[in-house]
Amino acid sequence: MKRHIILVLMLLAVALLPAACSTPKTAPEGEQANLDQTKPSHDKPDAGQQPAAIAGAVEKTTNGLATIAEISVEGDAAPQSTNAAPVEPRNEEHKMEVEQREKLPQEAGLADADRRSVATPLVKRTMPLAAPTGIAPTLLPDIRYPSESVDRENYAHFAENPVLRVAEQPVSTFSIDVDTGSYTNTRRILREGRLPARDVVRVEEFINYFNYDYPAPDNRSAPFNVITEAGPSPWNSGTYLLHIGIKGYEAPTATLPPANLVFLIDVSGSMLSADKLPLLKKSLQLLTQKLRAQDKIAIVVYAGASGVVLEPTAGSEKAVILSALESLTAGGSTNGAAGIRLAYLKAQQAFIPDGINRVILATDGDFNVGTISFEALKNLVEEQRKSGIFLTTLGFGAGNYNDQLMEQLADAGNGNYAYIDTLMEAQKVLVNEMDSTLNTIAKDVKIQIEFNPAVVAEYRLIGYENRALRREDFNNDKVDAGEIGAGHTVTAIYEISLTGKAGQLMDPLRYQATEAVSDATTSAANELAFLRLRYKKPDSGVSTLIETPVLKNQIVTAIGKTSERYQFAASVAGFGQLLRGGRFTQNYSYADVVTMAVKAKGVDRYGYRGEFVQLVELASTLSGSAKAVAGEQAVN
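Residues numbered from 1 in each chain as written. Predicted model: local features only at pLDDT ≥ 70, side-chain atom pairs only at ≥ 80, totals over all residues. Heavy atoms only, no water.

A. Structural view of the pattern of salt bridges. Per the stated rule, a full pass over the model turns up 25 salt bridges. When the shortest N-O distance is used, the salt bridge between Glu-192 and Arg-194 registers 2.8 Å. Owing to a relative accessible area of 41%, Glu-192 belongs among the partly exposed residues under this scheme. Measuring nitrogen to oxygen at the nearest pair gives 3.5 Å for the salt bridge that ties Asp-480 to Arg-385. Here Asp-480 is found in the loop between β15 (456-462) and β16 (482-485), whereas its partner Arg-385 is found in the loop between α9 (374-384) and β12 (390-395), with 95 residues between them in sequence. Judged by its relative accessible area of 24%, Asp-480 is partly exposed. What emerges from the salt-bridge pattern is a single network uniting Arg-187, Arg-191, Asp-421, Glu-425 and Glu-611. (Salt bridge = Lys/Arg side-chain N within 4 Å of Asp/Glu carboxyl O. Buried < 20%, exposed > 50% of the residue type's maximum accessible area, 1.4 Å probe, protein only. Helix = DSSP H or I, 4+ residues; strand = E, 2+ residues; numbered from the N terminus.)

Here it is as structure tokens:
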């Protein structure tokens, strides 16, 4: 750049030398004013202007000497300061240029600070120096600036569960999951006007976001009920869906054990935006309003270092707790591991035997100093859970959000994971569902189902890909699994094809023994499958086994005769699969999802199901736009 400027000045000196040697003439007053306007300004640019790139354009004159034609000044899409004096156009061409520059910010409809993110061609301005009349101004090629910020969000990759042949692998084993973060995070992305990446979508978290009104057990001696239902698949006329529902015991709020909670809050520089620390503080303030005198709250924060903002304080001291939350500000790097260690120390200090002891980690998950290894952080939380202190993770924000870490830390810490995109979601998780979020009634809950090859030919578990367990893990109490809170609803869905019926995707093996088992030779001929569940009480290390058969005569042959909860859960499962590419959903469409969901919406006290329908319609529109753009690119 300096080299270019020096060259410009040298050429200018050569061009003006003859004029300096001749007798100066006094120009008329009007002509002198015009000449003054052509002189380059050496004043500093207005505050609203961006740094400029200067290039000289050299033209040959009639006498063979190089003369400066112009200096072209390029700026980005940011307009000049609104306080600058209006520009008087020098000629018709300059007038059109000024009008275009003034019109740009109005068309963008954005504030000056946001103007950089608009994908518009570079605005060009020319500032001619005393150039001979008739030389056309020269403009550099258009430059297009990036239209979106860097996306550093982190999601674990996984492949969808495959279709399995019952004769080859009759047993399916997995851990239950009550997380909902994938659904609300996807909701945030759709509302931003884009479809989520496939790894954002975990179908089981979509399904388990909703309550399906399963009947709850009468007392805590049985911590949950198990409900099964089978009916036709809405996306494949040859297959059926087997729903397995679990409903946790609903403990009255008055009987909720005293709670020892530690708010572990990320106050690093990455938490500055409105959807992070400000929303986080408002969310925890909602929970604070529900605390009782017997509850205790401590607040630990971490950035480059960690510290205690509030020692364990009685829940009745709401003003003290709310004031401590309100005082938090963001800045610095993120040493999450140090904060986790300190939070567990505070939880141990105020430990309540037979009570609720839990750390609530609220962050965007962007740990960048200290222990940042994913596996090391998981191991840290796994060690801490042995103390009887569980971990809940609440995710906030966008752009650098670490979904993988948040979900896996909650799993390792015997807790649950939720993503908070709005204050209404905070109300749902921390107020309406406070009991199920905080009060664990069963831990290490595992499901194992053995399909009868005489009845079922193939099966596929929808979702739960990162919850899969080995067959031998089911009876091993050392293997960790999911937790159920008071009143929690958990649903798992298998897609199955029946022996001798349509809908199978694989051919039977040629050289194996016959896969079918004669009805006359088995006492379990009427069984579709055999279901086993294992769980531990929150304070126990030994599991309890529940077994129940799933009978063939439970299959409903018409989808219109299935229950309302069956149909709505199926529509949610279909939506999640479509967002992941719809590998197994045949010709099923977003419109089909909407039709079934509207029909099965039922009582919708908080509007969650109505909102779901709106999200499906939004995804349908965005999907159509994406296809249109792809088609247009293919044509070009």
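Additional details are given in the paragraphs that follow.
B. How the structure looks around the packing of helix α6 (residues 277-288) against helix α7 (residues 318-326). In contact at an axis separation of 10 Å, α6 and α7 are set at 170° when each is read in the N-to-C sense. In this view, α6 runs roughly antiparallel relative to α7, as classed from their interaxial angle. The segment α6 lies against α7, with Lys-281, Leu-284, Gln-285 and Thr-288 engaging Lys-318, Ile-321, Leu-322, Leu-325 and Glu-326. (Axes fitted to C-alpha atoms, helices over the stretch in contact; angles between N-to-C directions. Parallel < 35°, antiparallel > 145°, perpendicular 65-115°, else oblique. Contact = heavy atoms within 4.5 Å.)

C. Seen up close, the sheet that holds strand β13 (residues 417-419). Read across the open sheet, the 6 strands follow the order β10-β9-β8-β11-β12-β13; overall the sheet is mixed. The open sheet has two free edges, formed respectively by β10 (306-314) and β13, since each of these has just one partner strand. The sheet shows a mean angle of 15° between the axes of neighbouring strands, taken without regard to direction. Sheet topology note: the strand β11 (residues 356-363)/β12 ladder contains 6 bridges and is parallel. When the bridges of β12 are listed, Arg-358 appears paired with Phe-390. In the packing of α6 onto the sheet, contacts are made with β8 (259-266), β11 and β12, and the angle to β8 comes to roughly 170°. Contacts from α7 reach β8, β9 (296-302) and β10, with the element oriented near 165° to β10. (Pairing = 2+ DSSP bridges.)

D. The arrangement of the pairing of strand β14 (residues 440-451) in detail. In terms of residue burial, β14 counts as a mostly covered element, since 11 of its 12 residues are buried. Taken together, the 5 bridges between strand β5 (residues 171-175) and β14 define a ladder with antiparallel strand orientation. Its bridge partner being in β14, Ser-175 is matched across the sheet by Lys-446. The pairing of β14 with β16 spans 3 bridges and is antiparallel. When the bridges of β16 are listed, Thr-440 appears paired with Gly-485. Summarising the sheet, β14 and strand β18 (residues 527-536) pair through 7 bridges and their orientation is antiparallel. The partner of Phe-451 across the bridge, within β18, is Ala-529.

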